[in-house]
Amino acid sequence: QVQLVESGGGLVQAGGSLRLSCAASGSIFSINAVGWYRQAPGKQRESVALIRSSGSTNYADSVKGRFTISRDNAKNTVYLQMNSLKPEDTAVYYCNADLFSSSGLGRMDLWGKGTLVTVSS
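The following paragraphs examine the structure supplied in this document. The model shown is predicted, which means the values in this text are computed figures rather than measured ones.

We now examine the layout of surface pockets. Approximately 160 Å³ is the volume found for the largest pocket. In this structure, the largest pocket is lined by 17 residues; those nearest its centre are I31, V34, R71, N73 and V78. In terms of residue count, strand β4 (residues 28–39) provides more of the lining of the largest pocket than any other element does, four residues in total. Classifying every residue of the lining of the largest pocket by side-chain character gives nine nonpolar, five polar and three charged.

Spelled out as structure tokens, the structure:
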């Protein structure tokens, strides 16, 4: 079984920081890319940041300069450092991984269950 587990969400004041973690566990052969997404109440899920196996990254315009995505390959963990948080960053944050399982399941597109980030004004 392969799964993603997010952690690090919580309540923070505007201007504050949080670091989210996305840990992949199970029979993993390789991870192609991991993305962070968020969904605010009443809104569609949107892409926040992406990191590829090459190390290249992409960010939504709304978070550029404030958020940084990084990874620890040894731990199969991807982080999202969020600085200068704004109330409009309030959402459930999900990670998504495009990976290859080593247990015969082949290529997988996995989602975590999400972690709530609340930014107070």
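Within the largest apolar cluster, 31 residues are counted, with the highest numbers of intra-cluster contacts made by W36, V48, F67, L80, M82 and Y93. Taken together, the elements giving at least two residues each to this core come down to β3 (18–25), β4, β5 (46–52), β7 (67–72), β8 (77–82), β9 (91–101), β10 (107–111) and β11 (115–120). For this core, the element with the highest residue contribution is β9, accounting for five residues. What M82 contacts, discounting residues up to four positions off in sequence, is G16, S17, L18, L20, R66, F67, Y93 and V117.

Let us now look at the pattern of salt bridges. Tallying each qualifying case throughout the model produces five salt bridges. As a salt-bridge pair, E46 and R38 come within 2.7 Å of each other at their nearest N and O atoms. Across the salt bridge formed by D61 and K64, the nearest N and O atoms sit 3.2 Å from each other. The exposure class of D61 is exposed, given its relative accessible area of 65%. One salt-bridge network, held together by shared partners, links R38, E46, R66 and D89.

Attention now goes to the pairing of strand β1 (residues 3–7). Alternating positions in β1 separate cleanly, L4 and E6 being buried on one face and Q3, V5 and S7 remaining unburied on the opposite face. Pairing analysis gives five bridges linking β1 to β3, with the strands arranged antiparallel. Across the sheet, Q3 pairs through a bridge with S25, a residue of β3.

The rules we used
- Residues numbered from 1 in each chain as written.
- Predicted model: local features only at pLDDT ≥ 70, side-chain atom pairs only at ≥ 80, totals over all residues.
- Heavy atoms only, no water.
- 1 Å grid on protein atoms, 1.4 Å probe; cavity = no way out; pocket = protein on both sides within 12 Å on 5 of 7 lines; lining within 4 Å.
- Points joined across faces, edges and corners; volume = space filled by probe spheres on them.
- Helix = DSSP H or I, 4+ residues; strand = E, 2+ residues; numbered from the N terminus.
- Nonpolar A, V, L, I, M, F, W, Y, C, P; charged D, E, K, R; others polar.
- Core = buried A, V, L, I, M, F, W, Y, C linked by side-chain atoms within 4.5 Å.
- Buried < 20%, exposed > 50% of the residue type's maximum accessible area, 1.4 Å probe, protein only.
- Contact = heavy atoms within 4.5 Å.
- Salt bridge = Lys/Arg side-chain N within 4 Å of Asp/Glu carboxyl O.
- Pairing = 2+ DSSP bridges.

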